[in-house]
Amino acid sequence: MGIKVTKFGGTSMADAKSMNQVANIIKSDAQRRYVVVSAPGKRFKEDIKITDLLYSCYYDIEIKGECTDSFNKIRERFIKIVEDLKLDYDIVPELDKVEREMKQYHSPAFCASRGEYLSAVIMSHLLGFKFVDAKELMIFSEEGDFLAEETNENIKNKFKNLKCVVVPGFYGADPLGNIHTFSRGGSDVSGAVIARAVKATIYENWTDVNGFMVTDPRIVDKPEKIDVLSYQELRELSYMGANVLHPDSIFPVRVSGIPINIRNTFEPTNSGTMIVPVVDDVEAKKRVVTGIAGKKGYSTVFIEKSMMNGELGFARKVLSCFEYYNMSIEHMPSGIDTMSIIVADSELAGKEDVLLEKIRQTVNPDHIEIKTGIALIATVGHGMCFNPGTSAKLCLALANANINIRMLDQGSSELNIIVGVTDKDYESAIKAIYHAFY
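Residues numbered from 1 in each chain as written. Predicted model: local features only at pLDDT ≥ 70, side-chain atom pairs only at ≥ 80, totals over all residues. Heavy atoms only, no water.

(A) Seen up close, helix 4 (residues 92–104). Given a rise of 1.5 Å per residue, 13 residues ought to cover 18 Å, and the 18 Å separating the end C-alpha atoms of helix 4 matches this to within 8%. Within the sequence span of helix 4, burial applies to Glu94, Leu95, Val98, Glu99, Glu101 and Met102. One face of helix 4 carries all of its buried residues, which in axial projection span an arc of 165°. In helix 4, the exposed residues that point more than 90 degrees away from the buried face are Arg100 and Gln104. In the core, the buried residues of helix 4 are packed alongside helix 2 (50–64), helix 3 (68–85) and helix 5 (108–127). (Helix = DSSP H or I, 4+ residues; strand = E, 2+ residues; numbered from the N terminus. Expected span 1.5 Å × (residues − 1). Buried < 20%, exposed > 50% of the residue type's maximum accessible area, 1.4 Å probe, protein only. Arc of directions from axis to C-beta. Contact = heavy atoms within 4.5 Å.)

Here it is as structure tokens:
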């Protein structure tokens, strides 16, 4: 019999009704033996996620030395969940312990991790599965770096004689016992790490949507669903803002070629989206473009200097200035005498003047300026390499929508085409590209 690792997101854990739905999904398939859960998310639009409430507790402790008022909201929410589930379990002592420990082990990571911890405790009681704390499984260095291979061996050893387990996602611990977390949404990574360690036949990631849509449904009305996409396509789309799955969750399962199935907790009969190591050529040729995703909030550092193409090491010198200020860049299109470096506004914030001065001192450009208000849009699909004229079709769609392309970059793998447009043209550009191919 195969093994399925299932991860359930915040909306799936939001209240007793959704938790019962999760339990029914797990019990419906005996292969679903390893369960990873997130902290309770929003129950309605104006609600506050438990993780955000826990961060508020951290700041209250920082300022006032205690968090009784802010923790009471968390306390009430978890007590109600247990009561509504009609569990024969008194969660109050556990909540008291969590509140004490947040003051004792006062750190943002420890406080934020308690939502997943409490979710998993409740779910283990609901299912009758064994609770295993993530701090016993996920190994981080003292500096907070995740140690993948050590963790893989550790989980193998810990799970040797365990059949059915619930694990909190999002966090782990270093050898000293200090809690460390993945970035927000990191429960996806926790599930993928466990899937690799137990040699799962499939990693099911349950959320509140029926899988990946071709593009953002807030921009395009009822976009088509993607039935199958590759690890590579997922990475490109996730990085550019398709937030159904944490982009780093690919790496653990890719090692073993484990497919990921994105499913909807609230529509469990829907097959969702399968994410596989490789999409076959027949499927790729059929669809040309798999997905379209983008993000606003970029700027261009524009540099002009005569004869820059003949100046040995010019690009390296420019990039060293960004490295000096710990800035990551996105793209670097260039001409004979010009170069543009695309960088996220969050990387630039507060460093604009010192960066420009550093570049002036380093390469002595004829002209340099920062142009703001850029949005990047990635059009992704293995099918592009089988279909001549894809770039022309995309550019024509934008031209017909009266949208000027500020930057164009197509990778040598022909997996994606990235265009830069102004922020004001962002939504119109996504609509134009979508309707050109769908």
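Once the structure has been displayed, the description carries forward.
(B) Geometry of the environment of Leu127. Tracing the backbone shows Leu127 in helix 5. Its relative accessible area of 11% is what places Leu127 among the buried residues. Along the backbone, Leu127 and Ile79 are 48 residues apart, and their C-alpha atoms lie at a distance of 18 Å. Residues contacting Leu127, with those up to four places away along its chain left out, are Ala23, Ile26, Lys27, Val35 and Val166.

(C) A look at the pattern of salt bridges. Counted according to the given criterion, the structure contains 22 salt bridges. Residue Glu311 is joined to Lys305 by a salt bridge in which the shortest nitrogen-to-oxygen separation is 3.0 Å. Take Glu311: its relative accessible area is 25%, and that puts it in the partly exposed class. Residue Lys424 is joined to Asp425 by a salt bridge in which the shortest nitrogen-to-oxygen separation is 3.6 Å. Classification of Lys424 by relative accessible area gives exposed; the value is 68%. Judged by its relative accessible area of 13%, Asp425 falls in the buried class. (Salt bridge = Lys/Arg side-chain N within 4 Å of Asp/Glu carboxyl O.)

(D) Main features of the sheet that holds strand 3 (residues 130–131). Across the sheet, which stays open at both edges, the eight strands sit in the order 3-4-2-1-7-9-10-8 with mixed pairing between neighbours. One side of each edge strand has no neighbouring strand; the edge strands of this open sheet are strand 3 and strand 8 (228–230). Seen against the sheet, helix 5 touches strand 2 (32–37), strand 3 and strand 4 (165–168) and runs at an angle of roughly 165° to strand 4. (Pairing = 2+ DSSP bridges. Axes fitted to C-alpha atoms, helices over the stretch in contact; angles between N-to-C directions.)

(E) Local environment of the packing of helix 1 (residues 16–27) against helix 3. As a packed pair, helix 1 and helix 3 sit with axes 9 Å apart at the nearest point and diverge in direction by 55°. The angle between helix 1 and helix 3 falls in the class oblique. Of the two elements, helix 1 crosses helix 3, and the hand of that crossing is right-handed. For the pair helix 1 and helix 3, contact is made by Ala16, Met19 and Asn20 and by Ile81, Asp84 and Leu85, respectively. (Parallel < 35°, antiparallel > 145°, perpendicular 65-115°, else oblique. Left-handed = near helix turned anticlockwise from the far one by under 90°.)

(F) Quick peek at the packing of aromatic side chains. Inspection of the entire model under this criterion finds 10 aromatic pairs. Consider the rings of Phe140 and Phe182, whose centres lie 5.2 Å apart with planes at 55°: the pair is tilted. Taken together, the residues span a long stretch of sequence, with Phe140 in the loop between strand 3 and helix 6 (148–158) and Phe182 in the loop between strand 6 (179–181) and helix 7 (187–197) at a distance of 42 residues. The exposure class assigned to Phe140 is buried, which follows from its relative accessible area of 1%. (Phe/Tyr/Trp six-rings, centres within 6.5 Å; stacked < 30°, edge-to-face > 60°.)

(G) Local environment of the sheet that holds strand 14 (residues 407–410). Here we have five strands laid out as an open sheet, ordered 12-11-13-15-14, and antiparallel in their pairing. At either margin of the open sheet sits one strand with a lone partner, and together these are strand 12 (338–344) and strand 14. Going across the sheet, the axis of each strand differs from the next one's by a mean of 30°, ignoring polarity. Those strands touched by helix 13 (residues 352–363) are strand 11 (291–304) and strand 13 (367–380), and its axis lies near 105° from that of strand 13.

(H) Molecular detail of the nonpolar core. Ranked by size, the top nonpolar core spans 118 residues in total, and within it Met102, Phe159, Ile194 and Ile275 carry the most contacts. When residues of this core are assigned to their parent elements, the largest contribution, 11 residues, is made by helix 5. Setting aside residues up to four positions removed in sequence, Phe159 forms contacts with Tyr34, Val132, Leu137, Val165, Val167, Ile194 and Val198. Formed by 17 residues, the second largest nonpolar core is a distinct cluster that contains Met339, Ile341, Leu348 and Leu355. (Core = buried A, V, L, I, M, F, W, Y, C linked by side-chain atoms within 4.5 Å.)

(I) Spatial organisation of the side chain of Asn205. Mapped onto the elements, Asn205 comes out in strand 7 (residues 202–207). Within the local environment of Asn205, its side chain forms a polar contact with the side chain of Asp188, the two groups lying 3.0 Å apart. Those residues within four positions of Asn205 in sequence are excluded, and the remaining contacts are Lys7, Asp188, Leu245, Ile260, Asn261, Ile262 and Arg263. (Polar contact = N/O pair within 3.5 Å; in protein donor to acceptor, adjacent residues only side chain to side chain.)

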